[in-house]
Amino acid sequence: MTATTPRKPELLAPAGTLKALEYALAYGADAVYAGVPRYSLRVRNNDFDLANLGAGIETAHGQDRRFYVAANALPHGAKVKTFLDDMAPVVALSPDALIMADPGLILLVRERWPELPVHLSVQANTTNAAAVRFWQQQGITRVILSRELSLAEIAEIRAACPEIELEVFVHGAVCIAYSGRCLLSGYFNHRDANQGSCTNACRWEYRLVQPMAAADDSASPAAPGTTESDPSAASLSAAAALGAEGAHAQERHRNADEVWLLEEARRPCEYMPVLEDEQGTYILNAKDLRAVQHVAALAAMGIDCLKIEGRTKSHYYAARTARVYRQAIDDAAAGRPFRHALMDELEGLANRGYTDGFYRRQAGSAAQNYSDGASRSHRRIFVGEVIGPDTETGLVQVAVKNRFAVGDELELITPGGLRRWRLEAMLGPDGAPLRTAPGDGWRVRLPLPWPQARLGLLAATI
């Protein structure tokens, strides 16, 4: 590679299932990552037992791609005791690297398998060049940098640490806590996000109230069971104390000392004190990261890997994100200008609204989505999967995923491109004309206005 040749970073896609893995690879990913259920941070939604890990690694290696295994939990003692025995059969499958966060587990791996590459997880919160050098001295081959860094800070780290691989996130959900080190889920449900059991409590519906209104609610007959000794009363007392302490602070913005309380929709009259300053509050619902517009800049500064978050997402998500970021990387490597149509294509995915995160420094309260805690598709929804040609009719067989009908504008997403057209006819399972494909479980046949695709996903404009 010459000094003038742009770097082509690896595109790393999530694989929560074998099907997502296959689609991610087909649509352009250079590598995929999955987690071992007991030791990664996606315990509740994990298809990768030992047999599936073996199948996934074999699939990736068969296509000359890479497979990384996440073991990035921050374990308590019980998991440490079982870790090496549990990981031995995983390592025997020859993954290309382990993604890890806990220093103790990293130490155990380096002692037991010194030749196995270890990538430092974003959970380690690496935010500066000195920390990168430290981890390099521990034998880490790649550092996944913290999401809280700006483009300028990433470039500074790259310049100071030229001999180690660096990876950054470019797409996916963003935690309100510092790169995932969150206590909300454990506080509400006793399910520790740092052990892989996050319930996404930051996505729930909250009401922000002032102490006087909360006190009125607590005293109201509409709040049965509320007493002076219950959590809501304690919260009010704590809030009053916080406010009194803040009143004596010097040279602070007047709003910084106002006390606010949070009430979660399913826990009426249980008030949690939170201080809000002039910048707002930051424990609510973050928008999703979309940094496809920064791919060229990240490639130019020499970042080795661009990572998509989303191991709990569908194969449609894996395919669509891989396709878009593959195009952005290829465009950057070829010196082509950025195409804004790539940003629009990502609107076809369910999202909470998009932000480019901290790449342009803090975006303030505009980066928060206060109105809705659920993902939704703004323009297009996943409605079907092409499963092959129908030899009798010359049409394409489609496995229906969501409702669509004759007259809808459809979009076919293939590894080689994207086409849109209006559906004019469709046949049902019995071969009779069908106006509407009702939903998941149906098989229909329909014509395409160009040669049949062997692999493709259908989306409908809504």
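Residues numbered from 1 in each chain as written. Predicted model: local features only at pLDDT ≥ 70, side-chain atom pairs only at ≥ 80, totals over all residues. Heavy atoms only, no water.

- For the protein, the name recorded in an unreviewed UniProt entry is U32 family peptidase, with Thiohalocapsa halophila as its organism.

Quick notes on the side chain of R290
So, step 1. Along the chain, the position of R290 falls in strand 11 (residues 288-290).
So, step 2. Reaching out from R290, the side chain makes a polar contact with the backbone oxygen of M343 at a distance of 3.2 Å.
So, step 3. With residues near it in sequence (within four places) discarded, R290 still touches V170, H171, Y325, M343, L346, E347, Y354, T355 and D356. (Helix = DSSP H or I, 4+ residues; strand = E, 2+ residues; numbered from the N terminus. Polar contact = N/O pair within 3.5 Å; in protein donor to acceptor, adjacent residues only side chain to side chain. Contact = heavy atoms within 4.5 Å.)

A few points about the packing of aromatic side chains
So, step 1. For the coordinates displayed, the defined rule picks out 5 aromatic pairs.
So, step 2. Judged by centre distance (6.0 Å) and plane angle (65 degrees), the rings of F48 and F67 are edge-to-face. Here the residue F48 occupies a position in the loop between strand 2 (31-35) and helix 2 (50-62), and F67 occupies one in strand 3 (residues 66-70), the gap between them amounting to 19 residues.
So, step 3. Looking at F67, the relative accessible area reads 0%, which means it is buried.
So, step 4. Between the aromatic rings of Y316 and F382, the centroid separation amounts to 4.5 Å while the plane-to-plane angle is 0 degrees, which identifies the pairing as stacked. With Y316 in helix 11 (residues 315-334) and F382 in strand 14 (residues 380-389), this pair connects stretches of sequence that are 66 residues apart.
So, step 5. A relative accessible area of 5% places Y316 in the buried class.
So, step 6. Seen from the ring of Y33, K307 lies directly overhead, with NZ or CZ sitting 4.4 Å from the centre. (Phe/Tyr/Trp six-rings, centres within 6.5 Å; stacked < 30°, edge-to-face > 60°. Buried < 20%, exposed > 50% of the residue type's maximum accessible area, 1.4 Å probe, protein only. Lys NZ or Arg CZ within 6 Å of the ring centre and 35° of its normal.)

What to know about the packing of helix 1 (residues 18-26) against helix 2
So, step 1. Interaxial distance between helix 1 and helix 2 falls to 10 Å at its minimum, and their mutual angle equals 10 degrees. Considering the angle they form, helix 1 stands roughly parallel to helix 2. Residue-level inspection shows L18, L21 and L25 of helix 1 in contact with helix 2, the latter providing N52, A55, G56, T59 and A60. (Axes fitted to C-alpha atoms, helices over the stretch in contact; angles between N-to-C directions. Parallel < 35°, antiparallel > 145°, perpendicular 65-115°, else oblique.)

Focus on the nonpolar core
So, step 1. Counting 91 residues, the largest nonpolar core has F67 and L298 as the members making the most contacts within it.
So, step 2. At 9 residues, the largest contribution of residues to this core is made by helix 11.
So, step 3. Setting aside anything within four residues of it in sequence, one finds L298 in contact with L151, I154, V168, V170, I303, L306 and Y359.
So, step 4. With 20 residues, the next largest nonpolar core counts W421, A437, V444 and L458 among its residues. (Core = buried A, V, L, I, M, F, W, Y, C linked by side-chain atoms within 4.5 Å.)

Describing the pairing of strand 1 (residues 10-14)
So, step 1. The buried fraction of strand 1 amounts to 5 of the 5 residues, a majority that puts the element mostly inside the structure.
So, step 2. Taking every second residue as pointing to the same face, both faces of strand 1 are buried, with E10, L12 and P14 on one and L11 and A13 on the other.
So, step 3. In the sheet, strand 1 pairs with strand 12 (residues 305-308) via 3 bridges, with the strands oriented parallel. Paired with L11 across the bridge in strand 12 is L306.
So, step 4. One ladder, built from 3 bridges, connects strand 1 with strand 2; its direction is parallel. The partner of P14 across the bridge, within strand 2, is Y33. (Pairing = 2+ DSSP bridges.)

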